[in-house]
Amino acid sequence: MTQEEYIHREALYGAHNYHPLPVVLTKGKGVFVWDTDGRRYFDFLSAYSAVNQGHCHERIVSALVRQASQLALTSRAFYNDKLGEWAEYVSRLFGYDKMLPMNSGAEGVETALKLARKWAYKVKGVAHDRAKIVVCDGNFHGRTISVISMSSDPDARNDYGPYTEGFINIPFDDTDALEHALSQPDVAAFLTEPVQAEAGVIVPRDGFLLKVRELCDHYNALFIADEIQTGIARTGRMLAVDYESVRPDILILGKALSGGMYPVSCVLADDEVMLTIRAGEHGSTYGGNPLAAAVSMEALQVVQDENLAANSMTMGKLFRDRMQACDSPMIAEVRGKGLLNAVSVRPKAGKTAWDICLAMKERGLLAKPTHDHTIRFTPPLTITAEQMADALEIITEAFKKA
């Protein structure tokens, strides 16, 4: 089949809820992917930061195959010999009493919302069905009805009502607005991404997270950090909140938690929060399965053994320095942390961010616009300086010749 035939078949039988670049991929290894014609590309999306450890990392593949050959799924009707080991590993690594396993990032966010509300009623003493959660404009926490109820993105929200109540929206990186919201009655928690990735890699001012922690403590509200995209070394630290040495009350992880090999997410919290949910009140058939546990432990160990946070920091600075020095009128701004970066694109002669992505594709590099005017650049954290230099040649040439 030709690539056009693959694309046509997917359009014919699949829902039209995505707008992919016109390339059909069939293989991946490290920082590279190959299309069905055998052409190689740099992957500068990493499945939205799920493939931090690189495509098909041998250790993670081996862990998956080994566990899949032994036991893949039990449901939570029974114990399995991997879940406790994984729960201890993750809880100790990130410094929490307990972990609650799920599958997708959206499920992790829903779990955190439920935990916050339970805590509000059982511990804080909020009146029944009155708990509110403060969220930020520009957020992206998933696609479920409750999550899009707090979204300010018309494409995510429109025509899906009626919406879930109980959210207070404020501007991102606005601690005055946050204090005003937290001072209102019945507030259970504040949920935020440390860096807003889908919104275009919006980096808050230094001190924002410290002030969030201070305000949440003062008003007795939980601080929930959505580190589904920013976590697992993507920003140059194991967690983005580590830049300000801040510890959220609830931490949500996903994506690179499995190195892109399997859908895995989890929520971490201490006993005061986690134990408000009792048996039968929340769960998932696949959440906590032994295959997910084995894959996740290996994926996290790879990040540590290969010093991927440090490499993310170094390669990210190299990327931003080179892009900021690029002489192109289409580059309006370069921003990011570690290897979570974005370039705001200024349209020129009818050409947009999409056209830049098509030009990069033709030169052998894949990236994707977010919100029309911004290109997110998030390669696997295993990228070397030599590979980054080659990739930057492609990217800067695409901008200069647009």
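The coordinates are above.
Keep in mind that what you see is a predicted model, and the values were worked out from it rather than measured. (Residues numbered from 1 in each chain as written. Predicted model: local features only at pLDDT ≥ 70, side-chain atom pairs only at ≥ 80, totals over all residues. Heavy atoms only, no water.)

K.L.:
How do you make sense of the overall build of the protein chain when you look at a structure like this?
P.N.:
Within the protein chain one finds 14 helices and 15 strands. Here the protein chain has a C-alpha radius of gyration of 21 Å; the compact-globule value for 402 residues is 21 Å, and the two agree. Here the protein chain holds 402 residues, and 53% of them are scored as buried. Long-range pairs, those at least 24 residues apart, make up 72% of the contacts in the protein chain between residues at least 6 apart in sequence. Carbon and sulfur atoms form 51% of the exposed surface of the protein chain, whose accessible area is close to 17,900 Å². (Helix = DSSP H or I, 4+ residues; strand = E, 2+ residues; numbered from the N terminus. Rg over C-alpha atoms; globule rule 2.2 N^0.38 Å. Buried < 20%, exposed > 50% of the residue type's maximum accessible area, 1.4 Å probe, protein only. Contact = heavy atoms within 4.5 Å. Areas by Shrake-Rupley, 256 points an atom, 1.4 Å probe, with all protein chains shown as cover.)

K.L.:
Sorry, what's going on with the environment of N139 here?
P.N.:
Mapped onto the fold, N139 is located in the loop between β5 (132-136) and α6 (145-149). Residue N139 is classed as buried on the basis of its relative accessible area, which comes to 6%. Residues N139 and A325, spaced 186 residues apart in sequence, show a C-alpha to C-alpha distance of 30 Å. Aside from chain neighbours lying at most four places away, what touches N139 is M150, S151, N169, E193 and Q196.

K.L.:
Can you walk me through the sheet that holds strand β2 (residues 32-35) in this structure?
P.N.:
Reading across the sheet, the 4 strands line up as β1-β2-β3-β13 and stay open at both edges, with mixed pairing between neighbours. At either end of the open sheet lies a strand with only one pairing partner, and these are β1 (25-29) and β13 (365-366). Direction of pairing for β1 relative to β2: antiparallel, over a ladder of 4 bridges. Residue pairing across strands places K29 opposite F32, the latter belonging to β2. (Pairing = 2+ DSSP bridges.)

K.L.:
It is not clear to me how helix α4 (residues 83-94) should be interpreted in this structure. Could you clarify?
P.N.:
Since there are 3.6 residues in each turn of an α-helix, residues three or four apart along the chain are aligned in direction. Along its 12 residues, α4 runs 16 Å from first to last C-alpha, staying within 8% of the 16 Å computed at 1.5 Å per residue. Along α4, the residues classified as buried are L83, W86, A87, V90, S91 and F94. Along the axis of α4, the buried positions cluster into a sector of 120°, meaning they face one direction only. Contacts made by the buried residues of α4 are with β4 (98-102), β9 (250-253), β10 (265-269) and α11 (290-305). Where α4 terminates, the next one or two residues include G95, which has phi positive at roughly 80°. (Expected span 1.5 Å × (residues − 1). Arc of directions from axis to C-beta.)

K.L.:
Quick question: what am I supposed to make of the nonpolar core here?
P.N.:
By size, the foremost hydrophobic cluster in this structure holds 92 residues, and its most contacted members are F44, F94, F190, M360, I375, F377 and F399. Looking at which element gives the most residues to this core, the answer is α11, with 9 residues. Ignoring any residue separated from it by four or fewer positions in sequence, one finds F190 in contact with V134, V135, C136, I170, L178, L182, F208, V212, C216, L222, F223 and I224. Of all hydrophobic cores here, the second largest spans 29 residues; its members include A120, A189, V273 and M274. (Core = buried A, V, L, I, M, F, W, Y, C linked by side-chain atoms within 4.5 Å.)

K.L.:
Quick question: what am I supposed to make of the side chain of R335 here?
P.N.:
As for its placement among the helices and strands, R335 is situated in strand β11 (residues 331-337). A polar contact of 2.9 Å, which involves the side chain of R335, links it to the side chain of E333. With sequence-adjacent residues up to four places away left out, R335 is seen in contact with G200, V201, I202, R320, L340, N341, A342, S344 and T374. (Polar contact = N/O pair within 3.5 Å; in protein donor to acceptor, adjacent residues only side chain to side chain.)

K.L.:
Got a minute to help me understand the packing of aromatic side chains in this structure?
P.N.:
Two aromatic rings are characterised by how far apart their centres lie and by the angle between their planes. This structure, assessed with the given rule, holds 6 aromatic pairs. Relative to F42, the ring of F32 has its centre 4.8 Å away and its plane inclined at 45°; by these criteria the two rings are tilted. Of this pair, F32 sits in strand β2 while F42 sits in strand β3 (residues 40-43), and the two are 10 residues apart along the sequence. No difference in accessibility class separates F32 from F42, as the two residues are buried. The rings of F32, W34, F42, F44, F319 and F377 are connected pair by pair, giving a single aromatic cluster. The residue whose ring lies beneath R247 is Y96, and the NZ or CZ to ring-centre distance is 4.2 Å. (Phe/Tyr/Trp six-rings, centres within 6.5 Å; stacked < 30°, edge-to-face > 60°. Lys NZ or Arg CZ within 6 Å of the ring centre and 35° of its normal.)

K.L.:
What's the story with the sheet that holds β9 in this structure? I'm lost.
P.N.:
The strands making up a sheet associate through hydrogen bonds between their backbones, and the pairing can be parallel or antiparallel. Read across the sheet, 7 strands follow the order β4-β10-β9-β8-β7-β5-β6 without closing on themselves; strand pairing throughout is mixed. Strands with a single pairing partner mark the edges of an open sheet, and in this sheet they are β4 and β6 (167-170). Neighbour-to-neighbour, the strand axes of this sheet turn through a mean angle of 20°, independent of strand direction. Pairing between β9 and β10: 4 bridges, direction antiparallel. Each residue of the ladder has a partner; that of I252, found in β10, is V267. In the packing of α4 onto the sheet, contacts are made with β4, β9 and β10, and the angle to β4 comes to roughly 120°. (Axes fitted to C-alpha atoms, helices over the stretch in contact; angles between N-to-C directions.)

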